[in-house]
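# Working through the structure, step by step
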Amino acid sequence: MKITSTYKFILLLTAPLLLQSCFVAKNYDRPEVETETLYRTDNLPQDSVSMANVSWRDLFNDEQLKSYIEQGLENNLDIRIALQSVTAAEAYLKQGKAGYYPTLSGTASFTRTKNSRNSQFGSFFTRPLEQYELSGALSWEADVWGKIRSNKRAAGASYLQSVAAHQAVKTDLVAAIANTYYQLMALDKQREIAEQTLEARKNSLETTVALKEAGQVTEVAVKQTEAQVHTTEIILIDLENNIKLLENAFCILLSEPPHEVQRGSLDNQSIETNLQTGVPYLLLANRPDVMQAEYGLINAFELTNVAQSSLYPSLSLTAAGGFQSLEFDNWLDASSLFSQLVGSLTQPIFNGRRLRTQMEVAKAQQEQALLSYKKTLLTAGKEVSDALYTYDAETQKLDARSKELDAYSTAEDYSEELLNNGLANYLEVLTARQNALNSELSYVDSQYGQLSAIVELYRALGGGWR
């Protein structure tokens, strides 16, 4: 009889294992995504070399900028928040790995029961009953359908997702610091131009007053020249204000209170790294947000496995043992030992549709994660394309603005000379001056735009987190 019971117990344990080949959690396969046409560019990349593989320490040649980036990566609050998310995900990962282990608990208890005289047992047991217990309980669930394995993999994907999110914050931070630094230097140069222009227009106002006294120009010319002086003052005020505001924003990136930012000169800035984009497929491994989206998809896929496995029977073993005694003196006696072993196979039948709903929700969330992954990849390709076209446009504009500036500067000089000799209309002089100033300020904008486009291309390709 005992042998028969043992065979039944073994059969109960092994039956689900025999079915494992029929019901097992699926393995994740990366979905098919179109990468060949992600970039829109006139020069399609033919090699696997990407500037994203270059460290920001080698990309930038300004030591002050590199110092700021180092400081930002160390102190930025968004970086530190992302690190805490990584720490939390790591804790869940450890929990997922421990899913294969049995649970063990220990109990020490004292129970005193006094029955009512009118109760069922009160007339027999009038004295209080006391029981002492020292026991341990061990429980283990077999991973027959891969539920524990899928939970572990889901936790691993969630951890890697948080790591990729941290890398994405680093990439954005490096680009933000570099862009803001270059913009500050561009504003410095524009301020210098405005200061020189203001000084020149004040001198021109004195000249115009002298010409008016000599009868060569009218009071209208004087007032127009004076208006140009004030216009330049307004431009200078705006530039000073923008510099202060941008310095404040820069300090936030470094997690510091607002203060003056030390920086170099825009004319000394250059990025000598070749602008290589590599094949679009590299975005899957270089862009942190793309990796983050894929890990989110893996997490959703494994949670769908978990929901699917929950529909099948669960096999668990429970063992308990210890000491029980009605008397304290006999508590830890050999006669007080007890043990219990339970093997159970539980199949959900009616549970208010909770498990079915859980599976349907998991499938919908998996589809959402897949669509989000595809959208993130498309956005990445669009940002690379935008950066490439912006760089080309700013490079062409820089050449054209250089010629434009030279022409306007020459026109301004000629008009001033003609005016002094009474051969030009004063309106022509005013127009030439304003065009020259606008052209010079726009030339600086294009200098900054070219540098900013390179930084944006570096970020779009996934550079900055290495």
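Residues numbered from 1 in each chain as written. Predicted model: local features only at pLDDT ≥ 70, side-chain atom pairs only at ≥ 80, totals over all residues. Heavy atoms only, no water.

## Points about the pairing of strand β2 (residues 129-142)
We apply this condition: Each pair of strands is called paired provided DSSP finds at least two bridges between the two strands. Numbered from the N terminus, helices here are DSSP runs of H or I no shorter than four residues, and strands are runs of E no shorter than two.
Relative to β2, strand β1 (residues 103-113) runs antiparallel, the two sharing 11 bridges. Counterpart to Thr 111 in the pairing with β2 is Gln 131. Where β2 and strand β3 (residues 314-325) come together, 11 bridges link them in antiparallel fashion. Following the sheet pairing, Ser 135 is matched in β3 by Gly 322.

## Focus on the nonpolar core
Keep this limit in mind: Joining through side-chain atoms within 4.5 Å is the link that ties buried Ala, Val, Leu, Ile, Met, Phe, Trp, Tyr and Cys residues into a set, and such a set is a nonpolar core. Categorising residues by exposure relies on relative accessible area from a 1.4 Å probe, with only protein chains included: less than 20% of the type maximum marks a residue as buried, more than 50% marks it as exposed, and the intermediate range marks it as partly exposed. In this analysis, two residues are considered to be in contact whenever any of their non-hydrogen atoms come within 4.5 Å of each other.
Residues Phe 60, Leu 65, Ile 69, Ile 177, Tyr 182, Phe 250 and Val 384 are the most contacted members of the largest nonpolar core, which totals 67 residues. Listed by contribution, the elements that provide at least two residues to this core are α2 (56-59), α3 (63-75), α5 (147-213), α6 (219-253), α7 (283-286), α8 (288-309), α9 (354-420) and α10 (426-460). Tallying contributions element by element places α5 first for this core, with 15 residues. Discounting chain neighbours no more than four positions away, the residues touching Phe 60 are Leu 65, Lys 66, Ile 69, Val 174, Ala 178, Tyr 182, Ile 271 and Val 455. Membership of the second largest hydrophobic core comes to five residues, among which are Ala 307, Leu 311, Met 359 and Ala 362.

## Some words on unusual backbone geometry
At Ser 255, a position not held by glycine, the phi torsion is positive, near 60°. Mapped onto the fold, Ser 255 is located in the loop between α6 and α7. Its relative accessible area of 29% is what places Ser 255 among the partly exposed residues. Positive phi outside glycine occurs at Arg 353, with the angle close to 65°. Mapped onto the fold, Arg 353 is located in the loop between β4 (337-346) and α9.

## Side note on the packing of aromatic side chains
To be explicit about the condition: Each aromatic pair joins two rings of Phe, Tyr and Trp (for Trp, the six-membered one) with centres within 6.5 Å, and gets the label stacked for planes under 30 degrees apart, edge-to-face for over 60, and tilted for any other angle.
Within this structure, the stated rule accounts for 11 aromatic pairs. On the basis of an interplanar angle of 40° and a centroid distance of 5.6 Å, the ring pair of Tyr 132 and Trp 331 is categorised as tilted. With a gap of 199 residues between them, Tyr 132 in strand β2 and Trp 331 in the loop between β3 and β4 connect regions that are remote in the sequence. Since its relative accessible area comes to 14%, Tyr 132 is described here as buried. Under the relative-accessibility criterion, Trp 331 is labelled buried at 17%. An aromatic cluster of at least three residues, connected via ring pairs, comprises Phe 60, Tyr 68, Tyr 181, Tyr 182 and Phe 250.

## Describing the side chain of Asn 305
Here Asn 305 lies in helix α8. Ignoring any residue separated from it by four or fewer positions in sequence, one finds Asn 305 in contact with Ala 25, Lys 26 and Ser 150.

## Some remarks on the sheet that holds β3
Keep this limit in mind: Orientation is described by lines fitted to C-alpha atoms, with helices fitted over the stretch in contact, and by angles between N-to-C directions that extend from 0 to 180 degrees.
The strand order across the open sheet formed by four strands is β1-β2-β3-β4, and the pairing between neighbours is antiparallel. Looking at which strands have only one partner, the edges of the open sheet turn out to be β1 and β4. Going from strand to strand, the sheet's axes swing by 20° on average, the running direction of each strand aside.

## Describing the environment of Pro 128
On the secondary structure map, Pro 128 appears in the loop between β1 and β2. For the pair Pro 128 and Lys 114, spaced 14 residues apart in the sequence, the C-alpha separation amounts to 4.3 Å. Those residues within four positions of Pro 128 in sequence are excluded, and the remaining contacts are Arg 112, Thr 113 and Lys 114.

## Some thoughts on the packing of α5 against α8
Note the following rule: What sets the label is the angle itself: under 35 degrees gives roughly parallel, over 145 gives roughly antiparallel, 65 to 115 gives roughly perpendicular, and the rest give oblique. What makes a crossing left-handed is the near helix being turned counterclockwise from the far one by less than a right angle; a clockwise turn instead makes it right-handed. Each residue gets one label: Ala, Val, Leu, Ile, Met, Phe, Trp, Tyr, Cys and Pro are nonpolar, Asp, Glu, Lys and Arg are charged, and the others, such as Gly, are polar.
The interhelical angle for the contact between α5 and α8, taken along N-to-C directions, is 165°, at an axis separation of 8 Å. Our classification of the angle between α5 and α8 gives roughly antiparallel. The two elements α5 and α8 meet at a crossing, and its hand is left-handed. Here the residues of the contact of α5 with α8 sort into 12 nonpolar, 11 polar and four charged.

Read these as spatial facts, not as claims about activity.
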